[in-house]
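Secondary and tertiary structure notes
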Amino acid sequence: MQVRIGVLTGGGDCPGLNAVIRAVVRKGIRHYGDELYGFHDGWKGVVENSYELLDISRMQYTLNLGGTVLGTSRYNPFKYDPEARAVFESVERNSLDAVIAIGGEGTLSCTMELHRRGLNAIGVPKTIDNDIGITERTFGFDTAVTIATDAIDRLRTTAESHNRVMVVEVMGRHVGHIATWAGIAGGATRTLIPEEPFDIDDVCRSLKKRHEEGGRFFSVVVVAEGAKPQPGTMEVPPEVLDEFGHVRLGGIAYQVAGEIESRTGYETRVTVLGHTQRGGTPTAYDRVLSTRFGVAAIDAVHAEKWGSMVALSHDRIETVPLVDAVAELKTVSPELWATAKQFFA
Ligand code: F6P
């Protein structure tokens, strides 16, 4: 049956978003004959009725394009109205049968709340952080890890040439998946993640051991932006909030590097990869995962699996309840962390 569907991307952008939209549009139009409304800037576009009609030609040449052609924002309609009535008015005005929301924790939680109030919604998990529950992987993560690993490889040769410690800060607000993967792949001397508050003394001991006993006079330390020292072990500046009430992260590497230099005397430099990890071309893996998620999302609309999210499980795409997916963030598994630790100095 032909239906009219709204599509939006919310939260931080992420490589692979366009590949999801393209897959939704292709299968939606070619297979089901659907009409697709692309809303601009996440839920904001729904509330403000800002949209464009999506067709196959609009999504041509976007499979490998980073960012999102629809634009994105962290706008949450519940912040302005506890019933988010403007969303339902827009859905009614445009006679939409369903909405596909592609986003991370914030967007998916909002989608779940809207579904609870009667919206026919399907979620698609997106984030370079890979921290959405239930799904084994989110698209964008592979690209971010590839970029971070490439950076570590580059920093390693310059660190080696100058006998320096390089502190590399990667993204990872609440969890350290990017840091752990890139740390293992790049052979980091130490990796610091939000799940495991670190002791700077212990980090410095590792570096000294490697430099004094191991005969290697350079090191790479990978720090997730959300990494925290054990209470009372190191000073950190007070938190600053952005307009959505999220802590603005970025910069812990400078504190870590300062401590390393003053405690060890080793010359230490900082590289903050920041948004380079989110921009640009998605890897082949992410293009494939995005495409699979997009196809599964449009199928979920036609199967009327309202309130569900597409997810990767044992290399199969499934649908899972949104409520379960957003219940808990997925942290780095003890098994992976134990493997990473094996290679710390
Ligand atoms: O959630 C994805 C993410 O990339 C986090 O790792 C990071 O903390 C955040 O987005 C940064 O977002 P912004 O675009 O607001 O700087």
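Below, the structure is looked at part by part. None of these values were measured; they are calculated from a predicted model.

1. Looking at the site of the ligand
- Every residue lining the ligand is accounted for by R74, I128, D129, M171, G172, R173, E225, H275 and R278.
- Here E225 contributes a side-chain N or O atom positioned 2.5 Å from an oxygen atom of the ligand.
- Isolated, the ligand exposes 400 Å² of accessible area, and the fraction of that covered by the protein chains is 77%.
- Class assignment of the residues belonging to the shell around the ligand gives a composition of two nonpolar, two polar and five charged.

2. A word on the side chain of S290
- Looking at where S290 falls in the secondary structure, it is placed in helix α9 (residues 284-302).
- On the basis of relative accessible area, S290 is assigned to the buried category, the value being 0%.
- At 2.7 Å, the side chain of S290 and the backbone oxygen of D286 are in polar contact.
- Discounting chain neighbours no more than four positions away, the residues touching S290 are G16, A19, V20 and F139.

3. Structural notes on the packing of aromatic side chains
- All told, the structure shown has six aromatic pairs when counted by the stated rule.
- Consider the rings of F139 and F293, whose centres lie 6.3 Å apart with planes at 65 degrees: the pair is edge-to-face. Of the two residues, F139 is situated in the loop between β5 (121-125) and α5 (141-162) and F293 in helix α9; the sequence distance between them amounts to 154 residues. The pair formed by F139 and F293 is uniform in burial state, with each residue classed as buried.
- Through a chain of ring-to-ring contacts, the aromatic side chains of Y37, F39 and Y51 assemble into a single cluster.

4. Looking at the pairing of strand β3 (residues 51-54)
- Of the two faces of β3, the one lined by E52 and L54 is fully buried and the one lined by Y51 and L53 carries no buried residue.
- When strand β2 (residues 35-39) meets β3, the two strands line up antiparallel, connected through four bridges. Among the inter-strand pairings, G38 is bridged to a residue of β3, identified as E52.

5. A closer look at the sheet that holds strand β4 (residues 98-103)
- Across the sheet, which stays open at both edges, the seven strands sit in the order β3-β2-β1-β4-β5-β10-β11 with mixed pairing between neighbours. The sheet terminates laterally at β3 and β11 (316-321), the two strands that pair on one side only. Recorded for the sheet is a direction-independent mean angle of 30 degrees between the axes of neighbouring strands.

6. Regarding the pattern of salt bridges
- According to the stated counting rule, one finds 17 salt bridges in the structure shown.
- The partner of D299 in a salt bridge is K27, and the shortest N-O contact between them spans 3.0 Å. Here D299 is found in helix α9, whereas its partner K27 is found in helix α1 (residues 17-32), with 272 residues between them in sequence.
- The class for K27 is partly exposed, based on a relative accessible area of 22%.
- A salt bridge links E113 to R116, with the shortest nitrogen-to-oxygen separation between them at 3.1 Å. Note that E113 and R116 are positioned in helix α4 (residues 105-116) at a spacing of three residues, about one turn of the helix.

7. Examining α5
- Helix length check: α5 (22 residues) gives 31 Å between terminal C-alpha atoms against 32 Å at 1.5 Å per residue, within 8%.
- Looking at α5, one finds that the buried residues are F141, D142, T143, A144, V145, A148, T149, A151, I152, L155 and A159.
- Against β6 (165-170), α6 (177-186), β8 (219-224), β9 (268-272) and α9 lie the buried residues of α5.
- Directly beyond the C-terminal end of α5, a positive phi value near 55 degrees is found at N163.

8. What to know about α6
- The element α6 is extensively covered by neighbouring structure, given that seven of its ten residues are classed as buried.
- Within the span of α6, buried status applies to H177, I178, A179, T180, A182, G183 and G186.
- Turning to α6, the residues buried within the fold contact α5, β6, β7 (190-192), β8 and α11 (334-342).
- G187 sits one or two residues past α6 and shows a positive phi near 65 degrees.

The rules behind these values
Residues numbered from 1 in each chain as written. Predicted model: local features only at pLDDT ≥ 70, side-chain atom pairs only at ≥ 80, totals over all residues. Heavy atoms only, no water. Near = heavy atom within 4 Å. Polar contact = N/O pair within 3.5 Å; in protein donor to acceptor, adjacent residues only side chain to side chain. Areas by Shrake-Rupley, 256 points an atom, 1.4 Å probe, with all protein chains shown as cover. Nonpolar A, V, L, I, M, F, W, Y, C, P; charged D, E, K, R; others polar. Helix = DSSP H or I, 4+ residues; strand = E, 2+ residues; numbered from the N terminus. Buried < 20%, exposed > 50% of the residue type's maximum accessible area, 1.4 Å probe, protein only. Contact = heavy atoms within 4.5 Å. Phe/Tyr/Trp six-rings, centres within 6.5 Å; stacked < 30°, edge-to-face > 60°. Pairing = 2+ DSSP bridges. Axes fitted to C-alpha atoms, helices over the stretch in contact; angles between N-to-C directions. Salt bridge = Lys/Arg side-chain N within 4 Å of Asp/Glu carboxyl O. Expected span 1.5 Å × (residues − 1).

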